[in-house]
Amino acid sequence: MSEPIRTQVAIVGAGPAGLLLAHLLAGDGVESVVVESRSEEYVAARIRAGILEQSTVDLLRSAGLGERLDREGARHRGIHLQWPEERHHLDFVDLTDRSVWLYGQTEVQRDLVAARTAAGQEVHYEVSDTALHDLETDDPSVTFTSSEGEARRIVADVVVGCDGSFGPSRAAVPSTVQQTWERTYPYSWLGILADVAPSTDDLIYAWHPDGFAMHSMRSETVSRLYLQVPNDTSLDDWPDDRIWQALATRLGHGQDGWELTPGPVTDKSVLPMRSHVSTPMRHGRLFLAGDAAHIVPPTGAKGLNLAVADVGLLAPALVELLRKDDSRLADDYSDTALRRVWRCTHFSWWMTTMLHSTGDPFDEQLQLSQLRWVTSSEAGATGLAENYAGLPIGF
Ligand code: PHB
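Figured I'd write up the structure that's included with this text. All of these numbers come straight from a predicted model, not from anything done at the bench. (Residues numbered from 1 in each chain as written. Predicted model: local features only at pLDDT ≥ 70, side-chain atom pairs only at ≥ 80, totals over all residues. Heavy atoms only, no water.)

Description of the overall build of the chain
Along the chain, the regular secondary structure elements total twelve helices and 21 strands. In summary, the chain has a C-alpha radius of gyration of 22 Å against a globular reference of 21 Å for 395 residues, a match within 12%. In terms of overall dimensions, the chain has a C-alpha envelope of 70 × 40 × 40 Å along the principal axes. Here the chain holds 395 residues, and 56% of them are scored as buried. (Helix = DSSP H or I, 4+ residues; strand = E, 2+ residues; numbered from the N terminus. Rg over C-alpha atoms; globule rule 2.2 N^0.38 Å. Buried < 20%, exposed > 50% of the residue type's maximum accessible area, 1.4 Å probe, protein only.)

In structure tokens form, the structure reads like this:
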């Protein structure tokens, strides 16, 4: 093995959580090295979330990452919530004085890669055999095989796992101290990207007896739409015509003159839905952030925002720990982060169960009752808006 790489923070995973952490640490004079099992192109191209909440935008701006977001991102005042014959707009700005931005995770990732590349950040892509060691000592390390096939070791003061739910970091917390909570849902999302102007101004979340549907977007010429489908659905059963027909029915094409304009489908995939929380988010010198510690179903648009919120807490905690030898924020990190994690886990579960059909007539009545309440009561609407547009960092 060649000489170990020495750094202050070894970061596992170069997705948005890992690169944002590297960026915030560098801004406060803490150096890091990042390892990533995928290629740079793969991480940059994968299609993920589209909504940034207020506190995410605030944090990206204050970290000097807001320039293209301010130019190309679209600020949205709220969402439409609907069910057959009824469509209601919830205006988050009126309700909570906060809004959301449409700016894809792919764009956030591009901005982060550009900023870290310009700063000379050390990132090792396409590594394999990544393993974490000695996490309960003062000299934790990460070993990996480089893309050239060389065995390498990073020795650091701290290791941070930003490597998602299948990466090695979560599994490095001993089972004697780790506790997990899980909910799998009996449905998935079929998602498409289409080269067509969105048929709506704000996102539409639609309850329908055939199943949930959603109309989102990526730009003025690209739409992103979703359909609730059973688990294990095969894309072979969903030719484009069938998808557009189901979307038209569930989104209410023809109601009050509203029309859904179909267009060429450029991407199609089936996404499973699950909730997962793994605690603690710190063990010894290992800290977890983002999907490595928690997964939410996409209905509340919280996954990326929650990862950013974790990093927004963790970066100052590590700066205090490593520059001032003050461990108070680091000691509190897991408990503080988990407060928000559980709030978002509840909100995502609540949005999901309110909007997806289960085939049970009792569930259906409760869902419609809940939808009527959040669209007609200011208290109900404000609760949804406050959670959707995002609670302040540190909540
Ligand atoms: C998306 O645009 O991909 C998106 C938006 C809102 C959601 C989920 C996904 O709740």
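Right, picking up where we left off after that structure.
Quick look at the nonpolar core
Core analysis: the biggest nonpolar cluster contains 69 residues, and Val9, Leu20, Leu52, Val160 and Leu318 have the highest contact counts within it. If you tally residues by element for this core, the top one is helix H9 (residues 303–324), at twelve residues. Core analysis: the second largest hydrophobic core is formed by 33 residues, Leu81, Trp189, Met351 and Tyr388 among them. (Core = buried A, V, L, I, M, F, W, Y, C linked by side-chain atoms within 4.5 Å.)

What about unusual backbone geometry?
Cis geometry marks the peptide bond from threonine 279 to proline 280; its omega dihedral reads -5°. Mapping proline 280 onto the fold places it in the loop between strand E18 (265–279) and strand E19 (282–283). A positive phi angle is found at glutamate 126, which is not glycine, with a value near 55°. With respect to the helices, strands and loops of the structure, glutamate 126 is situated in the loop between strand E9 (122–124) and strand E10 (128–133). Although it is not a glycine, aspartate 325 sits at a positive phi angle of roughly 55°. Here aspartate 325 shows up in the loop between H9 and helix H10 (328–355).

Considering the pattern of salt bridges
If charged atoms from side chains of opposite charge come close, those side chains can pair. Applying the stated criterion across every chain yields a total of 16 salt bridges. The partner of aspartate 111 in a salt bridge is arginine 68, with the nearest N and O atoms 2.9 Å apart. Separated by 43 residues along the polypeptide, aspartate 111 in helix H6 (residues 105–118) and arginine 68 in helix H4 (residues 67–72) bring together distant segments of the chain. By the burial criterion, aspartate 111 is buried, and arginine 68 matches it. The salt bridge involving arginine 71 is made with glutamate 72; its shortest N-O contact spans 3.8 Å. Residue classification places glutamate 72 among the partly exposed positions, given a relative accessible area of 47%. Residues participating in the shared-partner salt-bridge network are Glu67, Arg68, Arg71, Glu72, Glu107, Arg110 and Asp111. (Salt bridge = Lys/Arg side-chain N within 4 Å of Asp/Glu carboxyl O.)

Focus on the site of the ligand
Inspection of the region around the ligand gives 13 residues, with Tyr205, Ser216, Arg218, Tyr226 and Pro298 positioned closest. Backbone polar atom of threonine 299 to an oxygen atom of the ligand: 3.1 Å apart, as the coordinates give it. Contacts to the ligand include alanine 301, whose backbone N or O atom sits 3.5 Å from an oxygen atom. Computed on the free molecule, the ligand has an accessible area of 280 Å², of which 98% lies beneath the protein chains in the complex. Split into classes, the residues belonging to the shell around the ligand amount to eight nonpolar, three polar and two charged. Composition of the shell around the ligand by domain shows at least three residues from each of domain 1 (5–50 + 104–178 + 280–356) and domain 2 (185–273 + 358–387). (Near = heavy atom within 4 Å. Polar contact = N/O pair within 3.5 Å; in protein donor to acceptor, adjacent residues only side chain to side chain. Areas by Shrake-Rupley, 256 points an atom, 1.4 Å probe, with all protein chains shown as cover. Nonpolar A, V, L, I, M, F, W, Y, C, P; charged D, E, K, R; others polar. Domains from an automatic or database assignment.)

A closer look at the pairing of strand E2 (residues 9–12)
Burial along E2 is two-sided: Val9 and Ile11 facing one way and Ala10 and Val12 facing the other are all buried. Bridge analysis of E2 against strand E3 (residues 32–35) gives four bridges, and the strand direction is parallel. Each bridged residue has a counterpart across the sheet, and for alanine 10 the counterpart in E3 is valine 33. With helix H1 (residues 16–27) bridging E2 and its parallel neighbour E3, the resulting β-α-β unit is right-handed. Examined bridge by bridge, E2 and strand E13 (residues 158–161) share four bridges and lie parallel to one another. If you follow isoleucine 11 over to E13, its bridge partner there is valine 160. (Pairing = 2+ DSSP bridges. Right-handed = clockwise from strand over helix to strand, strands pointing away.)

As for H1
Between its terminal C-alpha atoms H1 stretches 16 Å, which fits the 16 Å expected from twelve residues at 1.5 Å a residue. Counting buried positions along H1 gives ten out of twelve residues, so the element sits mostly inside the fold. Residues of H1 that are buried include every one of Pro16, Ala17, Gly18, Leu19, Leu20, Leu21, Ala22, His23, Leu24 and Leu25, and no others. At the exit of H1 stands glycine 29, carrying a positive phi of roughly 75°. (Expected span 1.5 Å × (residues − 1).)

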